[in-house]
Amino acid sequence: MAAAATNGAAPVVEKIYVSYNDVHSAIQKVYTDKIQPWKPDLLIAIGTGGYLPARIVRAFAKKLENATLPIQCVGLSLYEDIGGGQFGIIGQNVVKTQWFKDVGGDSDSVNLLGKRVMIVDEIDDTRTTLGFAVGELEKNVAAQRVAFEKEHQGEPVPETVIGIFVVHNKLKKKAVALPSKIMDDSYFSGEDIEDKWIVYAWDAVDIEEHQALCDAQNARRKQGAVNGGA
Ligand code: 5GP
């Protein structure tokens, strides 16, 4: 992540402040341009950052397409909480704290076969979490395919297509590569963004202060664009 130069002191992490409206607008645009044409029929929200974006995608699907998109929430954790108001450090492994019931075929298990399944998170940083989520989902799909083949011998197994939506994708070298079939036509980001620490509105305590920081930053950017374009 980009850090400002210091004179021997701890590096200052540069931040980008993002408002609720920024997130809403980014999702609205990518929903119309990319997500709606992709036609997801199940969202997997990675908690906790993916919950609100998934809920907003669901609202657009309802209001614009009159479609009801189910959301399954999963819990994956990469950054460890080191307390003291500091940023978390990158963990070596993704910890799976919550997943949906994928086996059993009963009413509370989630059928993935024949579905277009879209994983939703707020940010793609090192891509480790998304890589893990795709791997777990592929294992679920493989198990369901085996069960289907046993029960429906000779019948073709309904295809599952996996997609990804993130509100922000950091432009940086990624630690993990996603399958090219996903990257080629099923990976969508609301915005590709510099490798800085993104501060989301939902992490703020004082929302007025957060909004003021967003406004000041946007004004500086606008001014920079005007000056740069002069
Ligand atoms: P990954 O490195 O696996 O792509 O990202 C792991 C998780 O770290 C993300 O889901 C997100 O919760 C958190 N994260 C990474 N970069 C940022 C950032 O710039 N801002 C915030 N708020 N969270 C981040």
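Everything here concerns the structure above.
Figured I'd write up the structure that's included with this text.

Thresholds applied
- Residues numbered from 1 in each chain as written.
- Predicted model: local features only at pLDDT ≥ 70, side-chain atom pairs only at ≥ 80, totals over all residues.
- Heavy atoms only, no water.
- Helix = DSSP H or I, 4+ residues; strand = E, 2+ residues; numbered from the N terminus.
- Expected span 1.5 Å × (residues − 1).
- Buried < 20%, exposed > 50% of the residue type's maximum accessible area, 1.4 Å probe, protein only.
- Axes fitted to C-alpha atoms, helices over the stretch in contact; angles between N-to-C directions.
- Parallel < 35°, antiparallel > 145°, perpendicular 65-115°, else oblique.
- Left-handed = near helix turned anticlockwise from the far one by under 90°.
- Contact = heavy atoms within 4.5 Å.
- Nonpolar A, V, L, I, M, F, W, Y, C, P; charged D, E, K, R; others polar.
- Core = buried A, V, L, I, M, F, W, Y, C linked by side-chain atoms within 4.5 Å.
- Patch = residues over 30% accessible without salt bridge, like charges linked within 9 Å, V, L, I, M, F, W, Y side chains within 5 Å.
- Areas by Shrake-Rupley, 256 points an atom, 1.4 Å probe, with all protein chains shown as cover.
- Salt bridge = Lys/Arg side-chain N within 4 Å of Asp/Glu carboxyl O.
- Lys, Arg positive; Asp, Glu negative; His and termini not counted.
- Charge placed at Lys NZ, Arg CZ, Asp CG, Glu CD.

1. Remarks on helix α3 (residues 128–151)
In this model, α3 (24 residues) spans 35 Å end to end at C-alpha, consistent with the 34 Å of a helix rising 1.5 Å per residue. Taken residue by residue, α3 has Thr128, Thr129, Leu130, Ala133, Val134, Glu136, Leu137, Asn140, Val141, Gln144 and Phe148 as its buried positions.

2. Focus: the packing of helix α1 (residues 20–38) against helix α2 (residues 51–65)
For any two helices packed against each other, one specifies the crossing angle of their axes together with the interaxial distance. The geometry of α1 relative to α2 is characterised by a closest axis approach of 10 Å and an angle of 55° between their N-to-C directions. Our classification of the angle between α1 and α2 gives oblique. Our pair here, α1 against α2, has a crossing hand that is right-handed. Between α1 and α2, the residues in contact are Tyr20, Val23, His24, Ile27, Gln28, Tyr31, Ile35 and Gln36 and Leu52, Pro53, Ile56, Val57, Phe60, Ala61, Leu64 and Glu65, respectively. The class makeup of the residues in the contact of α1 with α2 is 12 nonpolar, 3 polar and 1 charged.

3. Concerning the nonpolar core
Core analysis: the largest hydrophobic core is formed by 27 residues, its most contacted members being Ile44, Phe100, Leu112, Ile119, Leu137 and Ile164. Put simply, the parts of the chain that give this core at least two residues each are β4 (42–47), β5 (71–80), β7 (116–124), α3 and β8 (161–170). The greatest single-element share of this core, amounting to 6 residues, is contributed by α3. Apart from residues lying up to four places away in sequence, Ile119 is in contact with Ile44, Ile46, Leu130, Ala133, Val134, Leu137, Ile162, Gly163, Ile164 and Phe165. Listed in part, the 26 residues of the second largest apolar core include Val57, Phe60, Ile193 and Tyr200.

4. Notes on a negative patch on the surface
On the surface, a cluster of negative charge is contributed by Asp22, Glu191, Asp192 and Asp215. Position of Asp215 among the secondary structure elements: in helix α5 (residues 207–229). Relative accessible area serves as the criterion here: at 42%, Asp215 is assigned to the partly exposed category.

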